[in-house]
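Now for the letters of each chain:
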Amino acid sequence: MNEASELAGRIRPPGTVVGILGGGQLGRMLVLAGTNLGYRFVTLDPTPDSPCGQVSEQIRAAYDDERAARELAGRCDVITYEFENVDAGVAELLEQESSVPQGSSLLYTTQHRLREKRSIEAAGVPVAPYREISSSADMVRAVAELGVPCVLKTAVGGYDGKGQVVIRQTEQAKDAYEQLAGGGAELVLEQFIRFRCEISVIVARSTNGEAKAFPPAENIHVNNILHTSIVPARVPEPVQEEARKLALAVAESLGAVGLLAVEMFVTEEGQLYVNELAPRPHNSGHYTMEGCATSQFEQHIRAICGLPLGNTKLLTPVVMVNVLGEHLEDVIRRFGQSDAEAERLNVVPKLHLYGKSEAKPGRKMGHINLLCQDTEQALEWIDQTNIWGNK
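- As annotated in an unreviewed UniProt entry, the chain is N5-carboxyaminoimidazole ribonucleotide synthase from Paenibacillus ottowii.
- The UniProt entry for the chain carries this comment under Catalytic activity (unreviewed entry): "5-amino-1-(5-phospho-beta-D-ribosyl)imidazole + hydrogencarbonate + ATP = 5-carboxyamino-1-(5-phospho-D-ribosyl)imidazole + ADP + phosphate + 2 H(+)".

## Side note on the sheet that holds strand E2 (residues 40–44)
Piece 1. Read from one edge of the open sheet, 4 strands run E3-E2-E1-E4, paired in parallel fashion. The sheet is open, and its two borders are formed by strand E3 (57–59) and strand E4 (78–81), each paired with just one other strand. Going across the sheet, the axis of each strand differs from the next one's by a mean of 25 degrees, ignoring polarity.
Piece 2. The pairing of strand E1 (residues 17–21) with E4 spans 4 bridges and is parallel.

## Side note on the pattern of salt bridges
Piece 1. Following the criterion strictly, the structure yields 23 salt bridges and no others.
Piece 2. For arginine 67, the salt bridge is made with aspartate 65, and the minimal N-O distance between the two is 4.0 Å.
Piece 3. With a closest N to O distance of 2.9 Å, glutamate 190 and lysine 117 form a salt bridge. Here lysine 117 lies in helix H6 (residues 113–122) and glutamate 190 lies in strand E8 (residues 187–191), a separation of 73 residues in the sequence.
Piece 4. Taking the relative accessible area as the measure of exposure, glutamate 190 reaches 5% and is therefore buried.
Piece 5. Through salt bridges with shared partners, one network takes in Glu57, Asp65, Arg67, Glu71 and Arg75.

## Quick look at the pairing of strand E17 (residues 364–371)
Piece 1. In terms of burial, E17 is largely enclosed, as 8 of its 8 residues are buried.
Piece 2. Pairing between strand E16 (residues 348–353) and E17: 6 bridges, direction antiparallel. Following the sheet pairing, proline 349 is matched in E17 by leucine 370.

## Details of helix H8 (residues 173–180)
Piece 1. When H8 is considered as a whole, its buried residues turn out to be Ala173, Ala176, Tyr177 and Leu180. Taken end-on, H8 shows its buried residues confined to a sector of 100 degrees, consistent with a single buried face. Exposed side chains of H8 directed beyond 90 degrees from the buried face belong to Lys174, Asp175, Glu178 and Gln179.
Piece 2. At its buried positions, H8 is contacted by strand E5 (130–133), helix H7 (136–146), strand E6 (150–154), strand E7 (164–167) and E8.

## Some remarks on unusual backbone geometry
Piece 1. A cis geometry characterises the amide bond from valine 148 onward to proline 149, with omega recorded as 0 degrees.
Piece 2. Here proline 149 shows up in the loop between H7 and E6.
Piece 3. That bond from valine 231 to proline 232 is cis: its omega, 5 degrees, falls within 30 degrees of zero.
Piece 4. Residue position: proline 232 is located in the loop between strand E12 (225–231) and helix H9 (237–254).
Piece 5. Phi at aspartate 49 takes a positive value of approximately 50 degrees, unusual for a residue other than glycine.
Piece 6. On the basis of relative accessible area, aspartate 49 is assigned to the exposed category, the value being 57%.

The rules behind the values
Residues numbered from 1 in each chain as written. Predicted model: local features only at pLDDT ≥ 70, side-chain atom pairs only at ≥ 80, totals over all residues. Heavy atoms only, no water. UniProt positions renumbered as here; feature names shortened; annotations may be inferred. Pairing = 2+ DSSP bridges. Helix = DSSP H or I, 4+ residues; strand = E, 2+ residues; numbered from the N terminus. Axes fitted to C-alpha atoms, helices over the stretch in contact; angles between N-to-C directions. Salt bridge = Lys/Arg side-chain N within 4 Å of Asp/Glu carboxyl O. Buried < 20%, exposed > 50% of the residue type's maximum accessible area, 1.4 Å probe, protein only. Arc of directions from axis to C-beta. Contact = heavy atoms within 4.5 Å.

This is how it looks when you write it as structure tokens:
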């Protein structure tokens, strides 16, 4: 088979049925973007009337249900996932019975912090100094070596600040270990990087090896949950360019297919350290939906289906702000009336709600992309609404 034929064999054209393992908001937005390209979708998720199931067909079953996984494989031409914690047995089964361009190797790597860090280092990309922790004695020794403050994290699981403890005094080392080591959990201790800001770069890499990076987003977290993403990031252009370069290097080294979110710390000196990876659409990439020529969701579909990747050019400055459960009622009320603040600040708010049935505090219910001429005006709009200030 010649090269052109091999490439054609990897292309899944519009009309293809795409399976999504996971029925949350990321899957929902993949479906909305992919439907515009002519793709059809089936999701596997145990939640009745899931956000993704509202806009696609849904197989209601647990993620580790092999019968349901086989049904998904039988109904779809290509399968993707919208979250990392995919059951390893199901991922292997799907690879055997269907096309899973992302594969299970990247999942295996990113599901474990130590494997992830070692793979980033293997790509020649810096990470914060760290130590593997297997015992209380390891913990005391590692804290002495790395210094305080430092952060103890579980090697598997944990998100939005869960599964981690910040150690600010040496005497807290043993207590932190006891807090997280229950049940034999594997742990990793990371040196605390005194950073100027946090940024992330969303990279897409296609089945044919084509790769493109989106503009870096500057991310602000509140209570360990992403609050806002600011684009362009407020760091010098050479730092942004280096961030794109590092993210592409990691994606290439790992052989990623689809989206890879690469989260980084930026120090006052402009040094970059990669903190975490996510092999899927990412909250900090939601700004691309109106801010870029191609959204991260369309790009992911293009990448796993072997289509040429879309242009990642930034069309307008944009600030994304998350809508959590405690914000939802005020947001809906505000969007039901004229917005004098938006007009005064020359900001265009674009609301995206996820269709979740229950608005719990801290639960991501939607987001708003604030299109603007100046990101400071968008940040002022967020402050002026008084929705996010004291919730």
